[in-house]
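The lines below spell out each chain.
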Amino acid sequence: THLVELLGPLATTAFQSIYGARERARPSGSDGRRPGLIDSCHVYAVTGPLVRERWPAWAQPPGTPEEITAAEARTRAAAEAYAAPRDDAVTRPAQERS
């Protein structure tokens, strides 16, 4: 049963590892085809700052300056939330939890 539980994480790890190796060997977009990550999630939106930076030929302008500001603010807020120290029982020492 333990081996069956490892199959899910194993598939994800294998996919991410293979993608990284393939990207180093032949960068996305170098063969003239649209990179597969574009529009696969919010961060890789065709109108987003990451696509403008990494694949400028494939980037599209957002509709309005307000949309640009809102999208970049959401991306920045998500990055800050991810990097912020967490105040929960897992990260606090035992004496602080009681």
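Scroll up to find the structure this text is about.
In this report, the structure presented in the accompanying data block is examined. (Residues numbered from 1 in each chain as written. Predicted model: local features only at pLDDT ≥ 70, side-chain atom pairs only at ≥ 80, totals over all residues. Heavy atoms only, no water.)

## Examining the overall build of the protein chain
Here is step 1 of the chain: Helices and strands together make up the secondary structure of the protein chain, namely four helices and zero strands.
Here is step 2 of the chain: Order of helices (α) and strands (β) in the protein chain, N terminus to C terminus: α-α-α-α.
Here is step 3 of the chain: Residue burial in the protein chain is summarised as follows: out of 98 residues, 14% are buried.
Here is step 4 of the chain: Of the contacts made within the protein chain by residues no fewer than 6 positions apart, 20% connect residues no fewer than 24 positions apart. (Helix = DSSP H or I, 4+ residues; strand = E, 2+ residues; numbered from the N terminus. Buried < 20%, exposed > 50% of the residue type's maximum accessible area, 1.4 Å probe, protein only. Contact = heavy atoms within 4.5 Å.)

## A look at the layout of surface pockets
Here is step 1 of the chain: In this structure, the largest pocket encloses a volume near 360 Å³.
Here is step 2 of the chain: Counted by class, the lining of the largest pocket contains five nonpolar, three polar and six charged residues. (1 Å grid on protein atoms, 1.4 Å probe; cavity = no way out; pocket = protein on both sides within 12 Å on 5 of 7 lines; lining within 4 Å. Points joined across faces, edges and corners; volume = space filled by probe spheres on them. Nonpolar A, V, L, I, M, F, W, Y, C, P; charged D, E, K, R; others polar.)

## Digging into the pattern of salt bridges
Here is step 1 of the chain: On inspection of all chains with the given rule, the structure shows one salt bridge.
Here is step 2 of the chain: With its nearest N and O atoms 3.0 Å apart, the salt bridge here joins Asp39 to Arg34. (Salt bridge = Lys/Arg side-chain N within 4 Å of Asp/Glu carboxyl O.)

## Overview of unusual backbone geometry
Here is step 1 of the chain: Even without being a glycine, Asp39 presents a positive backbone phi close to 65°.
Here is step 2 of the chain: With respect to the helices and strands, Asp39 occurs in the loop between helix 1 (2-25) and helix 2 (49-54).

## What about the packing of aromatic side chains?
Here is step 1 of the chain: Tallied over the full model, the rule gives one aromatic pair.
Here is step 2 of the chain: With a centroid separation of 6.1 Å and an interplanar angle of 45°, the aromatic rings of Tyr44 and Trp55 are classed as tilted. Separated by eleven residues along the polypeptide, Tyr44 in the loop between helix 1 and helix 2 and Trp55 in the loop between helix 2 and helix 3 (65-83) bring together distant segments of the chain.
Here is step 3 of the chain: Residue classification places Tyr44 among the buried positions, given a relative accessible area of 18%. (Phe/Tyr/Trp six-rings, centres within 6.5 Å; stacked < 30°, edge-to-face > 60°.)

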